[in-house]
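These are the residues of each chain, in order.
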Amino acid sequence: MAKIHVTTKINGEDAEFLCEPQQTMLDVLRDELSLTGSKEGCGSGDCGACSIIVDGRLVCSCLMFGAEASGTEITTIEGIANGDTLHPLQQKFLEHAALQCGFCTPGVLVASKALLDANPSPTEEQARYWLAGNLCRCTGYDKIIEAVMDAAAEMRGE
Amino acid sequence: MNYLGKDVQLKVVGTRPIRPDGVEKVNGRAAFGADVAVSGMIHAKVVRSPHAHARIKSIDTSKAEAVKGVSAVITGTDLPDIPSEEAFVGEGPANFREMSHNVIARDKVLYDGHAVAAVAATSAAIAEEAARLVEVEYEVLQHVISVEEAMADGAPVLHDDMFTQGVDPKPTKASNVAKRVEFKLGDSNAAFAKADVIVQRQYKTQPVHQAYIEPHACVVSYNPDGQAQIWCSSQGQFMVRAFCAKLLGMDIASIRVMPMEIGGGFGGKTLVYLEPLALALSKKSGRPVKMVMSREEVFRGSGPTSGGTINVKIGATMNGRIVAAECETILQAGAFPGSPVGPACMTAFACYDLTDVTAFGYDVVSNRPKVAAYRAPGAPISTFAVESAVDELAQKLGMDPGELRLINAAKDETKAAYGPTLKNIGFVETLESAIASQHYTSGLGEAPKGKRRGRGIASGFWFNIGGESSGATYVNEDGTVTVVSGNPDIGGSRASMGMMAAEVLGIEVERVRTVVGDTASVGYSFLTGGSRVTFATGMAVTQSAEEVRDDLCRRAALIWEIDADAVEWRDGHAHPAGENAGKSDPLSLSDIAAKSGRTGGPIAAKSSINAQGAGPGYATHICDVEVDEETGQVAILRYTAVQDVGKAIHPAYVEGQMQGGAVQGIGWALNEEYIYNKDGRLDNPGFLDYRVPVASDLPMIETVLIEVPNPRHPFGAKGVGEVPIVPPMAAVANAISNATGLRMPNLPMSPPHVRAALDAAKA
Amino acid sequence: MATVNVSNQMCRPFVGTVQVLELEVDTVRALINELERLFPGLGPQLEESMAVAIDGVIVQDTYLEPIGPDSEVFLIPKIAGG
């Protein structure tokens, strides 16, 4: 079957690629675009390690076809920082030691950004439920939640 | 290297700097095994058995080989036949022949998911398609899953040559019982006569997977001259090299392993699955080969830890003193022997001061994946049973469970149940801290209608090991420092290595960068496991930093043309001392580094050691739960982990180990298990139905770090990574018992099981 | 004389009912050699598959660790981890 030509916008830049019909957006990011920051932990949308934001919506890229990216605006972990300046979430994750092996971290950061975009003042419970789709096996989530709450406070100017 | 002492003023050790590898982990640039791509790389997929137990009658790879884009297909015949050879590997004794047979089946498949062939092709999609065309003719055999089934009379035998070791007389009939082990002090059988109260119960746990979020992944390039390079995620680059050399019949020097970042291991990546297959495929195809497991393959094809059946009997006098204790632990090893039944027995009663105790157990094979190490292997299982029994004893005696433990606690000079006398341990300190804590002394609060609240306490122990480690310290031309660690970093150890070097050199930690070396770039290091890296590799790094510091003083003396012993190192500078004090300005690292050539050459030191004297770790955990009587769901309301950590080099990473381990234990307690169907196939090989804890399941995990320094480490460090997983199952079970009045002897205590227990009690 | 406990089940095929011995040994190497002399086969067993606890501190895979004149030495299986 012929490959599909897709044009889209990724992390603020125009992007285009060729993909097979069955390739997921995760496959495309990692194998066609060399954006390996998004990870495959399960391939079935259960772990969140592949989280990206598509037209403002948090999505598991392993559950999306590459072809569906056509005409959308996508944010991946590679686009969270502002050039050289880390996003407050990234900075707080480092300060709070909210990562150990770091494998789930890209997905958690993208999901956290989507949380704070939707709700700049989440409670701890709201943050925990929002991030329930991002599995972490190393940290027990404690320092992740602390970092997210701290970043939210900083972004609110507190 | 001995402890520098409590009075030494530490400037870096004990603080919380940002880890040197942190930014690339938060911006997606850190390279894990599956992120590697090399020129000319092709992709491979494994063909796995759909049967739990079967003889392989034939394998026809011709259709697979004919697919356009397929470069090579291998089966068991492509790996050399190696003799049976015992070795001590990551999680305990193992056998290389069995390891080879686990990596790819020979005449029999022994579990659903056992590898039988592998296909390499120009794309992963083609490899998968071709893998489906490999035709394997199986003669399906009867299978066994649980230890009870495996030990039953007439059970199908997995290995014709398995005769139970450790029993007298040696059996003449093959069985599924690989060995029996026993540890005893005194005579527990007779000592039960002294007891006023006896508790006796059988407990059952299920196998659980380490469930690291990163599946196994590697890229392997075998060159026609017999030299190979491996990029992989693992807990030990030297282990990968050694095992691949052994399994493929290659020289160790012919293989170079580049350790990529590892996305979780917890013991499950202390061995090889894909690398030997990728090597054989790369050799056959003449191309570099990439292999990545899917999540389903991780569950079906890689080792969980054992499940088991544990029988515990404890006797005590009315004042709470335990006078006799016995524990029988029967653990599943999976398809090949090697369950952690030895450590399970040794750790079962390690928290207590007992004179008459027997711990014995059996290592039993069955048709499930071969078990691999999982954080304090064996200890969480036997401790779940023993700590539940101690709780039951407290209930029977009408005593506070914390106080009961205190009465019987192991202290310095206590003889451990597995033999030696314990020294420099901090168990009592963790108990006293837990009992006095705000958590333990606070009320539970009113439970809403239809729910019941309870509190549980449990303790645990793990040995921690030292072993062979290498590290190096290099002073760069501008005075910054590069530290090379021989161990993959799975918990933030790079930060701690850099901190120890910075402390020794008296400089800011930001001027030190720590990297993990590949097998050709740093001395041999035993793998990352056993909670040994901060202790042993930290010691090697500290030693190399001290050698560098001494060398810097010698260079300064040369520069000043004074005696070498007339120089002292302070605050990151060489100072002239003695009668020359004050005569010259101090020299910094960059000053001295600028003249390194003239004073003798590059300033560098490496250290390869065999660190002994790792201190054991103890922990006490407190758990509050709320049980929903209608659904059987158990919510964790509050959790506190108290642990003797020796010395927290970087407290945030120590807290992280305690929190992560506690949460794995909570998952083990409440939800995780393998569900096999009647054909011996795994029904839940994915994260949807293999339920690990998620963020909304948990409260904050409070941590209390008790520091009883280890006299065998310069900064007093002990291992901390494994102990935290030992107490949680019992802490949760005891809390549920406190809430409902029901003992929960079977794991997991998932909603259907809790509901069934509640219903049975009402009936 | 160091007090050496060989009661662990792994030693039994070599030592029979012997539980505790008084031995004049000053390093782990000396211990291995002396045990091999008294109970042929125990030396390699200890060297390959066992650890020793010297005054409570567990050591394994080393010849060099010193044993004091009044030390308590315990033979136990090797320890690993995950």
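Residues numbered from 1 in each chain as written. Chains lettered and ligands numbered in written order. Predicted model: local features only at pLDDT ≥ 70, side-chain atom pairs only at ≥ 80, totals over all residues. Heavy atoms only, no water.

## Concerning a negative patch on the surface
Phase 1: A surface patch of like charges, here negative, comprises Asp412(B), Glu413(B), Glu429(B) and Glu432(B).
Phase 2: With respect to the secondary-structure elements, Glu413(B) resides in the loop between helix H12 (401–408) and helix H13 (427–436). (Patch = residues over 30% accessible without salt bridge, like charges linked within 9 Å, V, L, I, M, F, W, Y side chains within 5 Å. Areas by Shrake-Rupley, 256 points an atom, 1.4 Å probe, with all protein chains shown as cover. Salt bridge = Lys/Arg side-chain N within 4 Å of Asp/Glu carboxyl O. Lys, Arg positive; Asp, Glu negative; His and termini not counted. Charge placed at Lys NZ, Arg CZ, Asp CG, Glu CD. Helix = DSSP H or I, 4+ residues; strand = E, 2+ residues; numbered from the N terminus.)

## Overview of the pattern of salt bridges
Residues and elements named next belong to chain B.
Phase 1: Summed over all chains, the structure comprises 50 salt bridges over all chains.
Phase 2: The shortest N-O distance in the salt bridge between Glu297 and Arg48 comes to 2.8 Å. In this pair, Glu297 sits in helix H9 (residues 295–301) while Arg48 sits in strand E1 (residues 42–48), placing the two residues 249 residues apart along the sequence. No difference in accessibility class separates Glu297 from Arg48, as the two residues are buried.
Phase 3: Residues joined by salt bridges that share partners form a network here, namely Arg19, Asp21, Lys25, Glu261, Asp489 and Arg494. (Buried < 20%, exposed > 50% of the residue type's maximum accessible area, 1.4 Å probe, protein only.)

## As for the side chain of Thr421(B)
Phase 1: Within the secondary structure, Thr421(B) is located in the loop between H12 and H13.
Phase 2: Once residues within four sequence positions are removed from consideration, Thr421(B) is found in contact with Glu413(B), Thr414(B), Lys415(B), Asp55(C), Gly56(C) and Glu72(C). (Contact = heavy atoms within 4.5 Å.)

## Focus: the sheet that holds strand E1 (residues 4–10) of chain A
Strand-to-strand pairing in sheets goes through backbone hydrogen bonds, with the strands running parallel or antiparallel.
Residue and element names in this part refer to chain A.
Phase 1: The strand order across the open sheet formed by 5 strands is E2-E1-E5-E3-E4, and the pairing between neighbours is mixed. Two strands close off the open sheet at either side, each with one partner strand: strand E2 (13–19) and strand E4 (57–60). Neighbour-to-neighbour, the strand axes of the sheet open up by a mean angle of 40°, direction not taken into account.
Phase 2: Sheet analysis places E1 next to E2, joined by 7 bridges and oriented antiparallel. Counted as the bridge partner of Lys9 is Asp14 from E2.
Phase 3: The strands touched by helix H1 (residues 25–32) within the sheet are E1, E2, strand E3 (51–54) and strand E5 (73–75), with E2 carrying the most contacts at an inclination of about 100°. (Pairing = 2+ DSSP bridges. Axes fitted to C-alpha atoms, helices over the stretch in contact; angles between N-to-C directions.)

## Concerning the interface of chain A and chain B
Phase 1: Between chain A and chain B, the residue contacts involve 44 residues of the former and 49 residues of the latter.
Phase 2: Between chain A and chain B, a total of about 3800 Å² is buried, with carbon and sulfur atoms accounting for 60% of that surface.
Phase 3: On the chain A side of the interface with chain B, the three residues burying the most area are Leu94(A), Gln100(A) and Arg137(A), jointly 22% of the side's total.
Phase 4: On the surface where chain A and chain B come into contact, there are 4 salt bridges.
Phase 5: Glu655(B) is paired through a salt bridge with Lys143(A); the nearest N and O atoms lie 2.6 Å apart.
Phase 6: For the interface between chain A and chain B, the tally reads 20 residue pairs in polar contact (both at pLDDT 80 or more). (Buried area = accessible area lost by both parts, 1.4 Å probe. Polar contact = N/O pair within 3.5 Å; in protein donor to acceptor, adjacent residues only side chain to side chain.)

Fair warning: the whole summary comes from geometry, so function is off the table for now.
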